2 protein chains.
Amino acid sequence: MSTPIRRLLLGRPLPTWRAAHERLPKVLALPVFASDAMSSNAYATEEILRILILAGIGALDRVLPLTLAIVVLLAIVVTSYRQTIFAYPSGGGAYIVAKDNLGTLPGLTAASALLIDYVLTVSVSIAAGVSAINSAYPETFPYRVDMCVVAIVIVMLANLRGVRESGFLFAFPSYAFIASFIVMISVGAVKAMTGTLQPAPVEPVRAVHPLTLFLVLRAFSGGCVALTGTEAISNGIPAFRPPESKNAAATLVWMALVLGTFFIGISSLAHYLGVAPSESEAETVVSQIARSIFGSNWFYYIIQYATAAILILAANTSFADFPRLSSILARDRFMPRQFANVGDRLAFSNGIIALAGLAIILIIVFGGEVHALIPLYAVGVFLSFTLSQYGMVVHTRRRNGRGWVISAVGGTATGVVMLVLAVTKFTSGAYIVVILIPSLVLLLLKINSHYRILAEQLRLAPEEPTPLPELKNTVLVLVPGIHKGVLPAIQYAKSLSPDCRAVYIEIDPADTALVEERWEKWGQDVPLVVLESPYRSLVQPILTYLEEVKEERAKHIVTVVIPEFVPVKFWHKILHNQSGIMLKFALLFRRDIIVANIRYYLEK
Amino acid sequence: MSTPIRRLLLGRPLPTWRAAHERLPKVLALPVFASDAMSSNAYATEEILRILILAGIGALDRVLPLTLAIVVLLAIVVTSYRQTIFAYPSGGGAYIVAKDNLGTLPGLTAASALLIDYVLTVSVSIAAGVSAINSAYPETFPYRVDMCVVAIVIVMLANLRGVRESGFLFAFPSYAFIASFIVMISVGAVKAMTGTLQPAPVEPVRAVHPLTLFLVLRAFSGGCVALTGTEAISNGIPAFRPPESKNAAATLVWMALVLGTFFIGISSLAHYLGVAPSESEAETVVSQIARSIFGSNWFYYIIQYATAAILILAANTSFADFPRLSSILARDRFMPRQFANVGDRLAFSNGIIALAGLAIILIIVFGGEVHALIPLYAVGVFLSFTLSQYGMVVHTRRRNGRGWVISAVGGTATGVVMLVLAVTKFTSGAYIVVILIPSLVLLLLKINSHYRILAEQLRLAPEEPTPLPELKNTVLVLVPGIHKGVLPAIQYAKSLSPDCRAVYIEIDPADTALVEERWEKWGQDVPLVVLESPYRSLVQPILTYLEEVKEERAKHIVTVVIPEFVPVKFWHKILHNQSGIMLKFALLFRRDIIVANIRYYLEK
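Predicted, not measured: the structure shown is a model, and the values here were computed from it.

### Observations regarding the overall build of chain A
So, point 1. Secondary structure assignment for chain A yields 21 helices and five strands.
So, point 2. Counting over 604 residues, chain A shows a buried share of 49%.
So, point 3. Sequence separation of at least 24 residues holds for 81% of the intrachain contacts in chain A that already meet a minimum separation of 6.

### Topic: the domain arrangement of chain A
So, point 1. Entries for chain A in the domain assignment read domain 1 (3–14 + 21–452) and domain 2 (473–601).
So, point 2. The C-alpha-based centres of domain 1 of chain A and domain 2 of chain A are spaced at 63 Å.

### Re the relation of the copies chain B and chain A
So, point 1. The operation relating chain B to chain A is a screw motion whose rotation component is 180°, with 0.0 Å of axial translation and a residual RMSD of 0.1 Å. Read as a symmetry element, the transformation amounts to a two-fold axis. Taking C-alpha positions as reference, the residue of chain B nearest the rotation axis is Leu496(B), located at 2.4 Å.
So, point 2. Counting the interface residues of chain B, we find that 98% of their copies in chain A are interface residues as well, pointing to one common contact surface.

### Comments concerning the interface of chain B and chain A
So, point 1. Listed per partner, the contact involves 51 residues of chain B and 50 residues of chain A.
So, point 2. Those elements that provide at least two residues to the side of chain B that touches chain A are helix H17 (426–458), helix H18 (487–496), helix H19 (509–522) and strand S5 (593–601) of chain B.
So, point 3. Among the elements that make up the side of chain B that touches chain A, the one with the highest residue count is H17(B) (six residues).

### A closer look at the sheet that holds strand S1 (residues 473–478) of chain B
Residue and element names in this part refer to chain B.
So, point 1. Pairing in this open sheet of five strands is parallel, and the strands run S3-S2-S1-S4-S5 from one edge to the other. Of all the strands in the sheet, just strand S3 (528–532) and S5 have a single pairing partner and so form its edges. Strand after strand, the sheet turns through a mean of 30° between neighbouring axes, direction not considered.
So, point 2. As paired elements, strand S2 (residues 500–506) and S3 share five bridges and run parallel to each other. What sits directly across from Ala 502, in S3, is Leu 528.
So, point 3. Each of S1, S2, strand S4 (557–566) and S5 touches H18; the most contacted strand, S1, lies at about 175° to it.

### Side note on the packing of helix H6 (residues 104–136) of chain B against helix H13 (residues 298–331) of chain B
Think of two packed helices as two axes; the pair is described by the angle between the axes and how far apart they sit.
Residues and elements named next belong to chain B.
So, point 1. Interhelical geometry of H6 versus H13 gives an angle of 165° and a closest axis separation of 8 Å. On the basis of their axis angle, the class for H6 and H13 is roughly antiparallel. As H6 packs across H13, the resulting crossing turns out to be left-handed.
So, point 2. The residue makeup of the contact of H6 with H13, split by class, is 19 nonpolar, eight polar and one charged.

### Thoughts on helix H14 (residues 349–365) of chain A
Residue and element names in this part refer to chain A.
So, point 1. Over its 17 residues, H14 extends 24 Å from the first C-alpha to the last, a length consistent with the 24 Å expected when each residue adds 1.5 Å.
So, point 2. Residues of H14 that are buried: Ser 349, Asn 350, Gly 351, Ile 352, Ala 354, Leu 355, Ala 356, Ala 359, Ile 360, Leu 362 and Ile 363.
So, point 3. Looking at the buried side of H14, the elements it contacts are helix H6 (104–136), helix H7 (144–161), helix H13 (298–331) and helix H15 (370–398).
So, point 4. One or two positions beyond H14, positive phi appears at Gly 367, with a value near 60°.

### Concerning unusual backbone geometry
So, point 1. With an omega of -5°, the peptide bond between Pro242(A) and Pro243(A) qualifies as cis.
So, point 2. Along the chain, the position of Pro243(A) falls in the loop between helix H10 (232–235) and helix H11 (244–273).
So, point 3. Backbone geometry at Arg333(B) places phi at a positive 70°, although glycine is not the residue there.
So, point 4. Non-glycine residue Arg536(B) carries a positive phi angle of around 60°.
So, point 5. Following the sequence through the fold, Arg536(B) ends up in the loop between S3 and helix H20 (540–552).

### Notes on the sheet that holds strand S5 (residues 593–601) of chain A
Residue and element names in this part refer to chain A.
So, point 1. As summarised here, the arrangement of the five strands in space is S3-S2-S1-S4-S5, forming an open sheet in which the pairing is parallel. The strands lining the two open edges of the sheet, one partner per strand, are strand S3 (528–532) and S5. Averaged over all adjacent pairs, the angle separating strand axes in this sheet is 30°, with direction ignored.
So, point 2. One ladder, built from four bridges, connects strand S1 (residues 473–478) with strand S2 (residues 500–506); its direction is parallel. Each residue of the ladder has a partner; that of Leu 476, found in S2, is Arg 501.

### Observations regarding the confidence of the model for chain A
So, point 1. When the pLDDT values of chain A are averaged, the result is 88; 97% of them are 70 or greater.
So, point 2. Reported confidence for the predicted complex is 0.77 by ipTM and 0.75 by pTM.

### Let's talk about the environment of Ser131(B)
Residue and element names in this part refer to chain B.
So, point 1. Tracing the sequence through the fold places Ser 131 in helix H6.
So, point 2. Spatially, the C-alpha atom of Ser 131 lies 8.0 Å from that of Phe 141, the residues being ten residues apart in sequence.
So, point 3. Apart from the residues lying within four places of it in its own chain, the contact partners of Ser 131 are Thr 284 and Val 370.

### Things to note about H6(B)
So, point 1. Between its first and last C-alpha, H6(B) extends 48 Å over 33 residues, near the 48 Å set by a 1.5 Å rise per residue.
So, point 2. With 31 of 33 residues buried, H6(B) is to be regarded as a mostly interior element.

### Considerations on the packing of helix H15 (residues 370–398) of chain B against H17(B)
Residues and elements named next belong to chain B.
So, point 1. Where H15 meets H17, the axes come as close as 7 Å, and the angle between the chain directions of the two elements is 45°. Between H15 and H17, the interaxial angle falls into the category oblique. When you trace H15 past H17, the crossing you get is right-handed. Here H15 contributes Pro 375, Leu 376, Val 379 and Gly 380 to the contact with H17, which in turn contributes Ser 428, Gly 429, Ala 430, Ile 432, Val 433, Val 434 and Ile 437.
So, point 2. The residue inventory of the contact of H15 with H17, partitioned by class, reads eight nonpolar, three polar and no charged.

Criteria and cut-off values
- Residues numbered from 1 in each chain as written.
- Chains lettered and ligands numbered in written order.
- Predicted model: local features only at pLDDT ≥ 70, side-chain atom pairs only at ≥ 80, totals over all residues.
- Helix = DSSP H or I, 4+ residues; strand = E, 2+ residues; numbered from the N terminus.
- Buried ≥ 20, exposed ≤ 12 C-beta atoms within 10 Å, placed from the backbone.
- Contact = placed C-beta atoms within 7 Å.
- Domains from an automatic or database assignment.
- Least-squares fit on C-alpha atoms with pLDDT ≥ 70 in both.
- Pairing = 2+ DSSP bridges.
- Axes fitted to C-alpha atoms, helices over the stretch in contact; angles between N-to-C directions.
- Parallel < 35°, antiparallel > 145°, perpendicular 65-115°, else oblique.
- Left-handed = near helix turned anticlockwise from the far one by under 90°.
- Nonpolar A, V, L, I, M, F, W, Y, C, P; charged D, E, K, R; others polar.
- Expected span 1.5 Å × (residues − 1).
- pLDDT = per-residue confidence, 0-100.

Have a look at this one:
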């Protein structure tokens, strides 16, 4: 990217010493790390209802027990992750915990699952955020894909600038979301109890599927998306104020309480109001609930905006996590090393750009529909939960610690759920992830093996002789004729090596005598070699001659000096034969031949 | 173009000594040089009728006197050109004659007119040839543009292969054309005299324009297209068997006789049969005449094929003339010197490709319609006729020769006709050429001035000191670290100059101590410069350091040696930081800095 545009979008570069971490108090850490988890409330209930409705309006009753089951699962996972926080105070992401305790392959499996999920977090959160806006302004519905893309690009640019430093930026929308949902749920509950909240008239929906156990499990799987993002705090412990682990654990519990309460509240209201998900996806369940309670007044709009805002923050979480995980993988030589490069503004720019690109592709392929993306989503999250917790079982037992039972229960619970997810959502999209995770693991291993082979080849063994023998250099300077423009090239060639000769390609034999005569005077005592070119090619005779020189001077390196004009105006180039460029290309893939262009700058 | 495809399409390259000219006897020279002129019969009569019909069916009567007037003009031009043939036995194109005798500006004007006309010859001839096929097979009419493009590409490839050597190739279609037209005109005449040829039923056409003098002059202008190509023989005299000029002059007269006879014959038949040009352009006048005489029998098809064939040969003439004129202009430094390059097969490849490209653009822009292209055509031809003949007036008078009156009469006649053409066809397309010719002259002059300025700058004055002072070279070798891959670069740098240093960019200060320690052992006694990079840029610190070095070593040239890995598989490149490439680009436009890449070939 050219510098001025880059400066405008990203700001001035930051020096490396500015990288020291900002430490967050709990009240700011909650919005930074919990936005992803809390924001799931915007779609989790709806995902349950969308499956249940297949068995008709009557089946919607099941939303409450399913919600409670998921909240119990949440409690188990959170209890288990509290242990990870204390065991890995410097940050215990699933990759690190699984790799440390279970080995490389489980570690890479967890990493692949996470990388894929970070991409999905961006796509799903942004799509859901745009859905909240679409619900408030139905006329924007046709532009949802464009809105998603623009939102992702904005979040990407913000992250390239290095937005993560400002906890304050996150606090306002997060607390606005929490406050507005508390108001909505409370007002809804009071109105329901005082009988002033009227359930919507029930439109009959024909059942297309019997209410089997499989369908109920599918609905449960849909709701499990509520747990995504729960692991974020365990990744970010060093960002908390000391005592880090204690503060992080407390924040985790707070997050779980908010998430669980809201989830139960929304599912209860949806149940009480008999809300059914709209078929066109034009209006979200949360929007329908809010409209039933408040009508279309100003507070309804506040809820929609707060929902959209926290969902964008949720996407932002991935913009911190994906590049960080990529950089760790790159440092461990499982991903291209460019992902470990720190950009102008101290962000892992390549990871940020890759994430945005992949998320935009997903949005476009799936038409920005939250419901279509969800089946790809939770499998990876639960896979990394499971690997991380079994890692913790090994970790705790090795240290003869207690509490490994909690990790084992948590790991088993999430493992079972993962299988349920994979099976019940397989045909509706989970198969993509089931194929993708092992493929990604293979790719990471392949990259690693390339780097290992490379390092082996480049390793300087202590027995390597030093100093190395002197290198001999044979220099050829190509002369298209003899004029001022070639003199610097001759001078330069002479300076490089005593073994230096000029090469002239004879296209028209009539010119040769004159060139030789002028060479006598101006050739600076460099011997001139005239190469015949019966087919008028400029490149072929040189390639042939180079072979000869290399046979003659077996251990020499050969440097080819090519003089080149630089005209004052760029378009003047078309008035010159481009033989220098052609030659450069022809020599590009030849071994042990070094090309140096000597430019002659025209002044007029 | 990659070599195997090139070989397949163009054949093996030919050595320069094969360039000797094939000498043609008159019987083969006629088809080679006269196809352009003779082929005008395919559309000249039609161009007259197309204008006359605007004044109604009755006005078509005027076709005969107009044809006779044009034939008289032809006789004048041919008489005049016979003198040029004797005066310029080595080839007297309008550019050469005008430049020699009238000066550079008239010469370039003639050259510009000719270049434009060669392009138009290709477009018009190919379009007319395709029209002949379309007339025989009306179902091909919708594909006419594609057919034209394919035909041009075929002729182009044939010329890149070097088709012009084979006079025999030309003889068959040319004599088939001559023979079939003789048969058609004779049978038509006999049938008309014996009363067995019935004029077509006249469909009433409403006059949209009164039969003014202006309209008659417009019709005359249309018919003047018959004279295009007349100059071809005077360009190609060296290709004739000796005595060259005498044989060329005889061939010119034969050509004029054939052209004139056919023109009168076709116009007479069109007049007798009351043929009116079809409005949709779907059937040509010649096709209508042939169909009236023969019905749709086999001989009718022979006429159509012969017409198409000679028109393609006519286009082929331009593929010899345009590149030749371009190469002469390039040698005189009025066109980019690439036009003087002789290709693999001894043809001026760049001129051939340029001509085909321009002709295809014209075909596409004008939808392959002959009638739409014609107004652009003849102005340039008559301009070059005029300049050439006035050039001959000066030439002959300077030598006190006789016959200048003939040239003066010819020049005046064609000059008057040119003005008539420019005025009467101005709004229907001639204005394009009227703008284009002076623009092209300006461009040629601008190119020439560039080359003159260039030559001045590059000229080695005899007082230039020799030998030149020795050049001092400061060499910087960039080291990303110290491993096997950088050793060859250090060796190479050491060989170039005693003033040599290694440069290391410190991205992470933690690594520096280790690099310095390893440098002690492996650095081959080259001093190591460590550059801080607080903003983690690889390029900026080097650019800054280069400025320092250039201040410190004012008169030195600076060579930057960049080590580069070459992985075994191309896609492995994405696994490496591309800092070498970035640096190369950053240094590309810096003066007095020479970049040399030292490659290290990985083996695994």
